[in-house]
Amino acid sequence: MTTQSFYLGVDIGTTSTKSVLFNKQGEVINQHTINYPLHTPNQLVAEQNPSEILEAVLGTIRETVRKSELKEEELSFVSFSSAMHSLIAVDENDELLTNSITWADTRSAEYAKRIKEEQNGHEIYLRTGTPIHAMSPLSKLVWMKEEKPEIFAKAKKFISIKEYVFHKLFGEYIIDHSIASATGLFNLNELNWDAGALEVAGINSDQLSDIVPTTYSIKGIKEEYQPYLGINKQTPFIVGASDGVLSNLGVNAIDPGVIAVTIGTSGAIRSVTNEPKTDPKGRIFCYALTEDHWVIGGPVNNGGMVLRWLRDEFAAAEVETAKRLGIDPYDVLTKIATNVPAGSDGLVFHPFLTGERAPLWNSSARGSFFGLSIHHEKQHMVRAVLEGIIYNLYTVLLALEELTGEPQRIQATGGFARSEVWRQMMTDIFDKPVVVPESYESSCLGAIVLGMYATGEIEDFSIVSKMIGHTHTHEPVPETSGVYRELLPIYIRLSRLLEEEYGSIAEFQRKHIK
């Protein structure tokens, strides 16, 4: 009897780790998710406990394998996706000196500004592809050197959360091209650590992991983990890539003219090129997928977390109604939004609740409602919040268009894609067809397609078009798009006009909010 082949994709995310088992056709066989907290004792700090995340990785693999009743020989490989920009310091004994400092941590904002203004930050960006911002490990290292010198001096290695997991499982410090290209320390053309960035950070290359391709495969998981996971010790683990670039692969947005948009906790817009490309204006990132596939685009801080803020702070009655009816509170909110015309009767929302990355790259940016008048009600505010999140992504798309040309199709994914209302809103604001795969596991699917490529099972990525399954397609409504064409210039001008005031109000908050 022929043994079936199954593939396990593991996605280490900001708020949870998910393991998803696929068959050869790309169908989801089973999955398991474990959530963990993001520790935010104040508005600047955003850390996680690496040990909790390791336990989540192990737990999701174990439960997915157990629920699927897999035989050891049926699992072809395990392939990884991971969030970017995390930083962990470990000592000579490989013990933790810090928590995992995530992309959302903004303590290094002032140091990022210094790097930009005083240490040739733009030239470093042009070589490394990572915008100079508080999210970047480069900025975090400079902050740690200045603010936590005792920890900085003790550190043998500075690593990301995926590197921590692989070291625990295999005893090796390795970093893939994709995660490395999101550090601000990696030279895109040389595929090696950038000497100028290392000098600014105050470290040497020995303090960083060995660089490997995203297709790198490793076997021989430590004996202490193998029985717990229930997999063969010789099962290959593919190091994989970052969640963003794998999402492009997982939604089949790898051809010219196709843009991927993701809205989860945060969000991003990305396109694929065949060589590294950076922006003279410094607005977009460039991260590796493979040596022949480079993903350029822009991330935003403020995606689904803004909608969660709206739910928690303004929608207690709607949440209670949803509980009674046994439906998702977010479905109630998006239903409320349909009671208001496109454009929210002239109410515009800037969703910068946690500063903003692309296109502003301003950790001091703050949210606002503009145009509020006596006739506006809660339902207007709900719709304006939904629209504002998409408006912001549209401004990133404009920057991307300057480098790649006008897109012909948008492939969308993430939690927002469950809402037909929000999908159509994106279509009308972008004024482009939007295609949404029925499966929302794009990063895990991308990880297993990369794994198939790494193990020689496929020769290119074309197979993904057959694996994403059924899709929803939305076409823009001309009348609605026309309304948004009027409002978008106002939205963009406002964010520019308020740039200086963002800094003033952020400084006030830092002084007065404890």
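Below you will find a few notes about this structure. This structure is a prediction, so every number in the text was calculated from the model and none was measured.

### Quick look at the sheet that holds strand β14 (residues 237-242)
So, point 1. Pairing is mixed in the open sheet, where six strands are placed in the order β3-β2-β1-β5-β14-β13. Of all strands in the sheet, those bounded by a partner on one side alone are β3 (28-35) and β13 (217-218).
So, point 2. Pairing geometry for β13 and β14, over two bridges, is antiparallel. Bridge pairing in β14 links Ser217 to Ile238.
So, point 3. Sheet contacts for helix α1 (residues 50-68): β1 (6-12), β2 (16-22), β3 and β5 (75-82); angle to β3, the most-contacted strand, approximately 150 degrees.
So, point 4. Taken strand by strand, helix α6 (residues 161-170) contacts β1, β5, β13 and β14, and its axis lies near 175 degrees from that of β14.

### Observations regarding the packing of helix α14 (residues 378-404) against helix α15 (residues 420-430)
So, point 1. Running from amino to carboxyl end, α14 crosses α15 at an angle of 45 degrees, the nearest separation of the two axes being 10 Å. When the axis of α14 is compared with that of α15, the two are oblique. Taken as a pair, α14 and α15 cross one another with a handedness that is right-handed. Side by side, α14 and α15 meet where Arg383, Leu386, Glu387, Ile389, Ile390, Tyr391, Leu393, Tyr394 and Leu397 of the first sit next to Trp422, Met425, Met426, Ile429 and Phe430 of the second.
So, point 2. When grouped by side-chain class, the residues that make up the contact of α14 with α15 number 12 nonpolar, no polar and two charged.

### Some points on the environment of Gly371
So, point 1. In this structure, Gly371 sits in the loop between β20 (368-370) and α14.
So, point 2. C-alpha separation for the pair Gly371 and Pro149, spaced 222 residues apart in sequence, amounts to 47 Å.
So, point 3. Once residues lying within four places of it in the same chain are set aside, the contact partners of Gly371 are Gly346, Leu347 and His376.

### Considerations on the nonpolar core
So, point 1. Judged by nonpolar contacts, the single largest core of 119 residues is most densely connected at Phe158 and Phe430.
So, point 2. Counting residues per element, this core draws most heavily on α14, at 13 residues.
So, point 3. In contact with Phe430, other than residues within four places in its own chain, are Val261, Ile269, Ile390, Leu393, Tyr394, Leu397 and Ile410.

### Examining the pairing of strand β21 (residues 409-413)
Working note: regular strand, side chains alternate between the two faces of the sheet.
So, point 1. A large share of β21 lies buried, amounting to four of its five residues.
So, point 2. Sheet analysis places strand β15 (residues 258-263) next to β21, joined by five bridges and oriented parallel. Its bridge partner lying in β21, Val261 is registered against Ala412.
So, point 3. Relative to strand β22 (residues 434-437), β21 is paired through two bridges, and the arrangement is parallel. Looking at β22, one finds that Ile410 is bridged to Val434.
So, point 4. You can see the chain leave β21, run along α15 and come back into β22, and the turn it takes is right-handed.

### Observations concerning the environment of Leu310
So, point 1. Summarising the element assignment, Leu310 is placed in helix α11 (residues 304-314).
So, point 2. A residue is classified by how much of its surface remains accessible, and Leu310, at 3% relative accessible area, is buried.
So, point 3. Remark: the alpha-carbon pair of Leu310 and Tyr330, spanning 20 residues in sequence, is separated by 9.9 Å.
So, point 4. Not counting the four nearest positions on each side in its chain, Leu310 is found in contact with Ala315, Leu333, Val382 and Val385.

### Describing the packing of aromatic side chains
So, point 1. One pass over the structure, following the stated rule, counts 16 aromatic pairs.
So, point 2. Ring geometry for Phe352 and Tyr502: centres 6.0 Å apart, planes at 90 degrees, overall edge-to-face. Here Phe352, found in the loop between β19 (348-350) and β20, pairs with Tyr502, found in helix α19 (residues 499-512); they are 150 residues apart in sequence, far enough to count as distant.
So, point 3. Chaining the aromatic ring pairs together yields one cluster made of Phe80, Phe166, Phe170 and Phe237.
So, point 4. In this arrangement the basic side chain of Arg62 is found over the ring face of Tyr228, its NZ or CZ atom lying 4.5 Å from the centre.

### Re the side chain of Asp279
So, point 1. Tracing the sequence through the fold places Asp279 in the loop between β16 (267-273) and β17 (285-290).
So, point 2. We classify Asp279 as buried; its relative accessible area is 2%.
So, point 3. Reaching out from Asp279, the side chain makes a polar contact with the side chain of Arg283 at a distance of 2.9 Å.

### Concerning the sheet that holds β17
So, point 1. Spatially, the seven strands line up as an open sheet ordered β17-β18-β16-β15-β21-β22-β23, and their pairing is mixed. The open sheet has two edge strands with one neighbour each: β17 and β23 (471-474). For this sheet the average axis-to-axis angle between neighbouring strands, irrespective of direction, equals 25 degrees.

### Digging into the packing of helix α10 (residues 243-250) against helix α16 (residues 442-454)
So, point 1. Put simply, α10 and α16 touch, their axes get as near as 7 Å, and they point 80 degrees apart. Here α10 is positioned roughly perpendicular relative to α16, judged by the angle of their axes. Contact residues: α10 offers Asp243, Leu246, Ser247, Leu249 and Gly250, while α16 offers Ser442, Ser443, Leu445, Gly446, Ala447, Val449 and Leu450.
So, point 2. Class assignment of the residues belonging to the contact of α10 with α16 gives a composition of six nonpolar, five polar and one charged.

### Things to note about the pattern of salt bridges
So, point 1. Tallied over the full model, the rule gives 17 salt bridges.
So, point 2. Lys156 serves as the salt-bridge partner of Asp94, at 2.8 Å between the closest nitrogen and oxygen. Taken together, the residues Asp94 in the loop between β6 (88-90) and β7 (100-101) and Lys156 in the loop between α5 (149-154) and β8 (157-159) connect sequence positions 62 residues apart.
So, point 3. What makes Asp94 partly exposed here is its relative accessible area of 24%.
So, point 4. The class for Lys156 is partly exposed, based on a relative accessible area of 23%.
So, point 5. In the salt-bridge network here, residues are joined through shared partners; they are Asp279, Lys281, Arg283 and Glu402.

Reading the values: rules and limits
Residues numbered from 1 in each chain as written. Predicted model: local features only at pLDDT ≥ 70, side-chain atom pairs only at ≥ 80, totals over all residues. Heavy atoms only, no water. Pairing = 2+ DSSP bridges. Helix = DSSP H or I, 4+ residues; strand = E, 2+ residues; numbered from the N terminus. Contact = heavy atoms within 4.5 Å. Axes fitted to C-alpha atoms, helices over the stretch in contact; angles between N-to-C directions. Parallel < 35°, antiparallel > 145°, perpendicular 65-115°, else oblique. Left-handed = near helix turned anticlockwise from the far one by under 90°. Nonpolar A, V, L, I, M, F, W, Y, C, P; charged D, E, K, R; others polar. Core = buried A, V, L, I, M, F, W, Y, C linked by side-chain atoms within 4.5 Å. Buried < 20%, exposed > 50% of the residue type's maximum accessible area, 1.4 Å probe, protein only. Right-handed = clockwise from strand over helix to strand, strands pointing away. Phe/Tyr/Trp six-rings, centres within 6.5 Å; stacked < 30°, edge-to-face > 60°. Lys NZ or Arg CZ within 6 Å of the ring centre and 35° of its normal. Polar contact = N/O pair within 3.5 Å; in protein donor to acceptor, adjacent residues only side chain to side chain. Salt bridge = Lys/Arg side-chain N within 4 Å of Asp/Glu carboxyl O.

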